[in-house]
Amino acid sequence: MEKFFIHTMGCKANQFEEIIIEENLTKHGLKKVSKINEADLYILNSCSVTHKSDNEAFYLLRNAKHKNPLIKTVLTGCVAQTEKDSLLQYDFIDYIAGNDEKLNLYDVISRTSYAVSDIMSKEKFSKVSIMDSGKTRASLKIQDGCDNRCSYCIIPFARGKSRSADIDFIINEIHNLEEHGFKEVVLTGIHIGLWGKDLGLSLLDLLKVIEKRTKIKRYRLGSLNPLEITDEMLDFLAVSDKFCPHFHLSLQSACDKTLRSMNRFYKVDEYLRLIDRINSKFNLPFLGSDIITGFAGETEEDFEVTRKNLEKSGLSQIHTFPYSIRKGTVGAEMPNQVDDREKERRANIIKSISQKKYKEFAGKNLGRVCEVLVEKHPDKFDGMLKGVTSNFLTVHLDTDDLTKTNTICSVELSQFKDGKIYGKKLFS
Ligand code: SF4
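How each quantity is defined
- Residues numbered from 1 in each chain as written.
- Predicted model: local features only at pLDDT ≥ 70, side-chain atom pairs only at ≥ 80, totals over all residues.
- Heavy atoms only, no water.
- Helix = DSSP H or I, 4+ residues; strand = E, 2+ residues; numbered from the N terminus.
- Rg over C-alpha atoms; globule rule 2.2 N^0.38 Å.
- Buried < 20%, exposed > 50% of the residue type's maximum accessible area, 1.4 Å probe, protein only.
- Contact = heavy atoms within 4.5 Å.
- Lys, Arg positive; Asp, Glu negative; His and termini not counted.
- Charge placed at Lys NZ, Arg CZ, Asp CG, Glu CD.
- Pairing = 2+ DSSP bridges.
- Axes fitted to C-alpha atoms, helices over the stretch in contact; angles between N-to-C directions.
- Polar contact = N/O pair within 3.5 Å; in protein donor to acceptor, adjacent residues only side chain to side chain.
- Right-handed = clockwise from strand over helix to strand, strands pointing away.
- Near = heavy atom within 4 Å.
- Nonpolar A, V, L, I, M, F, W, Y, C, P; charged D, E, K, R; others polar.
- Core = buried A, V, L, I, M, F, W, Y, C linked by side-chain atoms within 4.5 Å.
- Salt bridge = Lys/Arg side-chain N within 4 Å of Asp/Glu carboxyl O.
- Domains from an automatic or database assignment.
- Buried area = accessible area lost by both parts, 1.4 Å probe.

(A) Highlighting the overall build of the protein chain. Tallying secondary structure elements over the protein chain gives 14 helices and 18 strands in all. Here the C-alpha atoms of the protein chain give a radius of gyration of 22 Å, agreeing with the 22 Å that 2.2 N^0.38 yields for 428 residues. Projecting the C-alpha coordinates of the protein chain onto the three principal axes gives extents of approximately 60 × 55 × 45 Å. Out of the 428 residues belonging to the protein chain, those deemed buried represent 53%. For the protein chain, the share of sequence-separated contacts (at least 6 apart) that also reach a separation of at least 24 residues comes to 70%. Counting 64 positive and 61 negative side-chain charges, the protein chain places the averaged centre of each group 2 Å from the other.

Shown next, in the form of structure tokens:
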């Protein structure tokens, strides 16, 4: 096997691990290709967050084999981890690599038989591949796994208990990124608020070290659980000149009854107060969230509670998806499952609240001069450059001057049109 094509589904952790897979295979002489018909190895880095994504993974693998019966297929990621017992029956899968094994995929494809590793605790946090990622913002995985047991979620079964990368590893990786010209790093993981629990430390301890020992211009945090944000952390971040005021605070439902049945341990009031506290401590922070609609037992009245609470919240954007039953979770066994069409209907209502919130947030930013990190790739439609503000707004710039890429420029946010923000002036 000489040429591989890789397809990654799902979360930031998976996207990050795609880079490691690539690095591992190219180190062993394989070449990455961008078209599946040029490859003799097809790697699917799968996501198992919904039942739909499992089916999509099987469809993609079957299709790859159907189009080219000689191609070798690898299933890795969360579907490989959670469905391992049942995968051996599929003749369109040649290799299976669990989440630990994916980091050294070359070993797996060098074997002649199937293998799935169960040894979560042996996972190493592999180095970031930065040379050819083609991105302006680098993701750095600092944590994996989760100790919680939200009743809808399969992730703890797929990725095991929380493990943290150690501080020196993280600092070295950030130095590495600085040396390669990266201006921004996004700290990612499955549940980064748990960073340090296994090391007797906290996420705040890590952030203090990053501030002190690195010169990276900006850093951003992945999704956080509201219970893990303390006033001490907010006070520290509020005076940082490196932290990007962008919080993704997972919520899942804005109804206490539904949160209890989801096995999530905060109250909606606490969450809304946290949002207000963040809004008062930072200048126009971006506040994103996630909502699952139609979880088992969510009545029309429960959903109305969620809808009203979201309407009055100070959120900037809300990602939403209809609940998907995951075999092996508590939620799958619960009575009163909600009809699929009703889940979709509720999701559409939340989507329109999100659009309204985003428009309001964008409107508040118009007229400001913001620091924008200009991305490497121009917009596919008009060829103009775009970039991201520290408070996570994508800004379409009035230039196609490629010398500006990967620089931080001052841009006046001038217009919001068709869901996009435009920046009028650009000067370094
Ligand atoms: S916190 Fe809950 S939803 Fe998030 S990974 Fe852990 S179990 Fe899953």
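(B) Structural detail: the sheet that holds strand β4 (residues 72-77). The sheet built from five strands is open, its strands ordered β2-β1-β3-β4-β5 with parallel pairing. Two strands close off the open sheet at either side, each with one partner strand: β2 (31-32) and β5 (95-97). Examined bridge by bridge, strand β1 (residues 3-8) and strand β3 (residues 41-46) share five bridges and lie parallel to one another. Within β3, the position partnered with His7 by the bridge is Leu44. Its contacts with the sheet put helix α1 (residues 12-27) on β1, β2, β3 and β4, and the angle it makes with β1 is roughly 170°.

(C) Region of interest: the environment of His191. Residue position: His191 is located in the loop between β9 (184-188) and α8 (203-213). According to the relative accessible area criterion, His191 is buried, its value standing at 8%. Non-local contacts of His191, meaning those with residues more than four positions away in its chain, are made with Gln143, Gly145, Cys146, Asn148, Asn225 and Glu228. For His191, the side chain forms a polar contact with the side chain of Glu228, separated by 2.8 Å.

(D) View of the pairing of strand β10 (residues 218-221). What you see with β10 is no split at all: Arg218 and Arg220 on one side and Tyr219 and Leu221 on the other are buried throughout. Here four bridges tie β9 to β10, and the two strands are oriented parallel to one another. Bridging from a neighbouring strand, Val186 pairs with Arg220 of β10. Tracing the backbone out of β9, into α8 and back to the parallel element β10 gives a crossover that is right-handed.

(E) Looking closely at the site of the ligand. Every residue near the ligand is listed here: Cys146, Asn148, Cys150, Tyr152, Cys153, Ile155, Pro156, Ile190, His191 and Arg264. By residue class, the composition of the shell around the ligand is seven nonpolar, two polar and one charged.

(F) Region of the structure containing the nonpolar core. If you look at the biggest cluster of nonpolar residues, it comprises 60 residues, and the most contacted ones within it are Ile170, Phe247 and Leu249. When sequence neighbours within four positions are dropped, the list of residues in contact with Phe247 reads Leu224, Ile229, Leu234, Leu237, Ile278, Phe282, Phe286, Leu287 and Gly288.

(G) Broad picture of unusual backbone geometry. Despite not being glycine, Asn406 shows a phi value in the positive range, around 55°. Along the chain, Asn406 falls in the loop between β16 (394-397) and β17 (408-417). Owing to a relative accessible area of 17%, Asn406 belongs among the buried residues under this scheme. Phi angles above zero are rare outside glycine, and Asp418 is one such case at about 50°. Here Asp418 shows up in the loop between β17 and β18 (420-427). Exposure remark for Asp418: the relative accessible area of 74% places this residue in the exposed category.

(H) Structural context of the pattern of salt bridges. Within the structure shown, the criterion is met by 25 salt bridges. As a salt-bridge pair, Lys141 and Glu17 come within 2.3 Å of each other at their nearest N and O atoms. Of this pair, Lys141 sits in strand β6 (residues 137-141) while Glu17 sits in helix α1, and the two are 124 residues apart along the sequence. For the residue pair Lys141 and Glu17, the accessibility class agrees, reading buried in each case.

(I) Structural detail: the domain arrangement of the protein chain. The domain architecture assigned to the protein chain consists of domain 1 (3-122), domain 2 (137-363) and domain 3 (369-427). For domain 2 versus domain 3, the distance between C-alpha centres works out to 26 Å. Of the residues lining the interface, 16 residues belong to domain 2; the matching set on domain 3 comes to 15 residues. Here domain 2 packs against domain 3, burying approximately 1400 Å² in sum over the two surfaces, 64% of which is carbon and sulfur. Sorting the residues of domain 2 by area buried against domain 3 places Lys183, Arg218 and Tyr358 first, and these three jointly supply 38% of that buried surface. Counting the contacts that link domain 2 with domain 3 gives zero salt bridges. Remark: the boundary between domain 2 and domain 3 carries seven residue pairs in polar contact (both at pLDDT 80 or more). Contributions of two or more residues to the side of domain 2 that touches domain 3 are made by β10 and α14 (340-365). Top contributing element to the side of domain 2 that touches domain 3 by residue count: α14, with four residues. Counted by class, the side of domain 2 that touches domain 3 contains seven nonpolar, two polar and seven charged residues.

(J) Broad picture of the side chain of Thr214. Of note, Thr214 is situated in the loop between α8 and β10. For Thr214, the side chain forms a polar contact with the main-chain oxygen of Ile210, separated by 2.8 Å. The contacts of Thr214, once residues within four sequence positions are left out, are Ile171, Ile174, His175, Glu178, Val209 and Lys242.

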